[in-house]
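Residues per chain are reported as follows:
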Amino acid sequence: MSKPIFVLNGPNLNLLGVREPAIYGAETLTDIARRTEVRASSLGLKTDFRQSNIEGELVTWIQEARSGACGIIINAAAYTHTSVAILDALNAAEKPVIELHLSNVHRREAFRHHSYVAAAATGIICGFGAKGYELAVEAMADLLKRQGAPAPAGKS
Ligand code: DQA
């Protein structure tokens, strides 16, 4: 099987299940990792699911994805709204990127409306809770399929 999809999770997502469940749901990150892996394997893909509270560690993992992953799904949590370092790393990775959030950030405080990650992402999934992780895997499967497909006639 080919390289895994890196599913990277930022600060405070280790607290899922107890952290503001009305916004983020009752599932733990371990529950979410499991359902993500199950969906990926049903599509013939594998995931490498990680979480860190440290910006630099996320940057290091994104750098690792350049040679170690087929694509990146990232819920950068609060770093979404602040981190140029994560944006630069995502651009350098040269992999398909999907931005992900459990909550609909556009319905929330204005400071959550801007995303640095979005500038490097093919697409964004937000507002579907834990289900969003499965949707992101499905979207990534599609992107990877398109990437491997021959160019349409007249577009080579
Ligand atoms: C989040 C949304 C962010 O604004 C917030 O800082 C998070 C989680 C989400 O999944 O909804 O920590 O990324």
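The text that follows walks through the structure, step by step, so that each part is easy to find. (Residues numbered from 1 in each chain as written. Predicted model: local features only at pLDDT ≥ 70, side-chain atom pairs only at ≥ 80, totals over all residues. Heavy atoms only, no water.)

1. What to know about the packing of aromatic side chains
How we decide: The rule is short: rings of Phe, Tyr and Trp, with Trp giving its six-membered ring, pair when the centres are within 6.5 Å, and they are stacked under 30 degrees, edge-to-face over 60, tilted in between. Working definition: helices are DSSP H or I runs of at least four residues, strands are E runs of at least two. Numbering for both runs from the N terminus. Three labels apply to residues, based on accessible area from a 1.4 Å probe with only protein chains included: buried if under 20% of the type maximum, exposed if over 50%, partly exposed otherwise in between.
Evaluated as defined, the whole model comprises 1 aromatic pair. Measuring from ring centre to ring centre gives 6.0 Å for F49 and Y133, while their planes differ by 40°; the resulting arrangement is tilted. Taken as a pair, F49 in strand β2 (residues 47–51) and Y133 in helix α5 (residues 131–148) lie far apart in primary sequence, 84 residues in all. Its relative accessible area of 21% is what places F49 among the partly exposed residues.

2. Observations concerning helix α3 (residues 55–68)
This is how the line gets drawn: What a helix is expected to span follows from its residue count: subtract one and scale by 1.5 Å. For this quantity, the arc is that covered by the directions from the helix axis to the C-beta atoms. In this description, contact between two residues means that some pair of their heavy atoms is separated by no more than 4.5 Å.
With 14 residues, α3 ought to run about 20 Å at 1.5 Å a step, and its terminal C-alpha atoms sit 19 Å apart, in line with that. Turning to α3, its buried residues are L58, V59, W61, I62 and A65. Seen from one end, α3 has its buried residues packed into an arc of 160°, which puts them on one side. Exposed side of α3, more than 90 degrees from the buried face: Q63 and S67 are the residues found there. For α3, the elements touching its buried residues are β1 (5–9), β2, β3 (71–75) and α4 (84–93).

3. With respect to the side chain of E134
Position of E134 relative to the elements: it lies in helix α5. With sequence-adjacent residues up to four places away left out, E134 is seen in contact with R35 and R39.

4. Here's the deal with helix α2 (residues 29–42)
With 14 residues, α2 extends 20 Å from end C-alpha to end C-alpha; this agrees with the ideal 20 Å at 1.5 Å per step. Here α2 has its buried residues at L29, I32, A33, T36 and A40. What you see down the axis of α2 is that its buried residues fit within an arc of 100°, all on one side. Facing away from the buried side of α2 by over 90 degrees, the exposed positions are R34, V38 and S41. Looking at the buried side of α2, the elements it contacts are β1, β2 and α5. With its phi angle positive at about 80°, G44 sits one or two positions after the end of α2.

5. Considering the environment of L144
Checked against the element boundaries, L144 lands in helix α5. Judged by relative accessible area, L144 falls into the buried class, the value being 16%. Taking the C-alpha atoms as reference points, L144 and P96, separated by 48 residues in sequence, lie 7.9 Å from one another. Among residues more than four places away in sequence, those in contact with L144 are L45, C70 and P96.

6. Comments concerning the site of the ligand
Operational definition: Any residue with a heavy atom lying within 4 Å of a molecule or strand is counted as near it. Here a polar contact means two N or O atoms within 3.5 Å. Within protein one must be a hydrogen donor candidate and the other an acceptor candidate, and residues neighboring in sequence count only if both atoms are side-chain atoms. Areas reported here follow the Shrake-Rupley algorithm with a probe of radius 1.4 Å; residue values treat only the protein chains shown as occluding.
What surrounds the ligand is the set R19, Y24, N75, A77, A78, H81, H101, L102, S103, V105 and R112. R19 places a side-chain nitrogen or oxygen 3.0 Å from an oxygen atom of the ligand. At 3.2 Å, a backbone N or O of A78 approaches an oxygen atom of the ligand. Within the complex, the protein chains bury 99% of what would otherwise be the 320 Å² of accessible surface of the ligand.

7. So, the packing of α2 against α5
Here is the rule we go by: For helices, the fitted axis covers only the stretch in contact; all axes are lines through C-alpha atoms, and the angles between them, taken along N-to-C directions, range from 0 to 180 degrees. Orientation categories follow fixed angle ranges, with anything under 35 degrees roughly parallel, anything over 145 roughly antiparallel, 65 to 115 roughly perpendicular, and all other angles oblique. Should the near helix be turned counterclockwise from the far one by less than a right angle, the crossing is left-handed, whereas a clockwise turn marks it as right-handed.
Running from amino to carboxyl end, α2 crosses α5 at an angle of 30°, the nearest separation of the two axes being 9 Å. Between α2 and α5, the crossing angle belongs to the class labelled roughly parallel. In this structure, the crossing between α2 and α5 has a hand that is right-handed. Contact residues: α2 offers I32, R35, T36, R39 and A40, while α5 offers K131, Y133, E134, V137 and E138.

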